Amino acid sequence: MLRELTDIQIEALLKKQLIGRIGCHSKGVTYIVPVNYVYDGTNIYCHSAKGMKIDMMRENPAVCFEVDNIKDITDWQSVIAWGKFEEITEMAGQQSILQKLTDRISPNIIDDSVTPEHGFVDAESDVGTTVELIIYKIIIDKKTGRLEAR
């Protein structure tokens, strides 16, 4: 049976999941991409290297964010949130959010050779020298959720 999630269930799913999907739209192109994130009950925080997603969100900061928990085709939960992309540019804010992301992601990394900056740089010390690591938040203004349960 298809039902709506309660506010408590929406918050729990956003806090529980590690990977969500950002949907952005710019210049007639829609792009959806998975991201690691941390949710503090108000905003969603992420990190990224510069690329298509960042370029599009800088052009049009209105974004959509989706997370789900799928056990099977008739047993799932999904949350969609709408909000505004905003870069975090001050160093203290960047360090704080990167630490929260690291704390959230690290316990779930099985391979010791992978760092929280996975895919961006060869070593953690390369952040800020080899590649620009962009820290940003999504300021949520609306959330909705659905579930299906047998």
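Residues numbered from 1 in each chain as written. Predicted model: local features only at pLDDT ≥ 70, side-chain atom pairs only at ≥ 80, totals over all residues. Heavy atoms only, no water.

Participant: When you look at the pattern of salt bridges in this model, what are you seeing that I'm missing?
Facilitator: Opposite charge on two side chains permits them to pair, given that their charged atoms come into close proximity. Enumeration over the complete set of coordinates arrives at seven salt bridges. Here Arg21 ties to Glu66 by a salt bridge, and the two come within 3.0 Å at their closest N and O atoms. With Arg21 in strand β2 (residues 19-26) and Glu66 in strand β6 (residues 62-72), this pair connects stretches of sequence that are 45 residues apart. For Arg21, a relative accessible area of 30% corresponds to the partly exposed category. Here Arg150 and Asp72 are joined by a salt bridge, their closest N and O atoms 2.1 Å apart. (Salt bridge = Lys/Arg side-chain N within 4 Å of Asp/Glu carboxyl O. Helix = DSSP H or I, 4+ residues; strand = E, 2+ residues; numbered from the N terminus. Buried < 20%, exposed > 50% of the residue type's maximum accessible area, 1.4 Å probe, protein only.)

Participant: What is the right way to read helix α1 (residues 7-16) from this model?
Facilitator: For α1, the complete set of buried residues consists of Ile10, Glu11, Leu13 and Leu14. Projected down its long axis, α1 shows its buried positions confined to an angular sector of 165 degrees, all on one face. Opposite the buried face of α1, at more than 90 degrees from it, the exposed residues are Ile8 and Lys16. (Arc of directions from axis to C-beta.)

Participant: Explain the pairing of strand β3 (residues 29-36) to me, please; I cannot follow it from the model alone.
Facilitator: A regular strand places its side chains so that they alternate between the two faces of the sheet. Inspection of the sheet shows β2 paired to β3 by eight bridges, in the antiparallel sense. Within the sheet, the bridge partner assigned to His25 lies in β3 and is Thr30. Between β2 and β3, which follow one another and run antiparallel, lie two residues, and Lys27 among them has a positive phi close to 50 degrees. (Pairing = 2+ DSSP bridges.)

Participant: Could you clarify how one ought to interpret unusual backbone geometry in this entry?
Facilitator: A negative phi angle characterises most non-glycine residues, just as the trans form characterises most peptide bonds. Despite not being glycine, Lys27 shows a phi value in the positive range, around 50 degrees. Topologically, Lys27 is positioned in the loop between β2 and β3.

Participant: Mind showing me how you'd approach the environment of Asp55 here?
Facilitator: Inspection of the secondary structure assignment puts Asp55 in helix α2 (residues 52-59). In the structure, Asp55 is positioned 31 residues away from Cys24 in sequence and 10.0 Å away in space, judged by C-alpha atoms.

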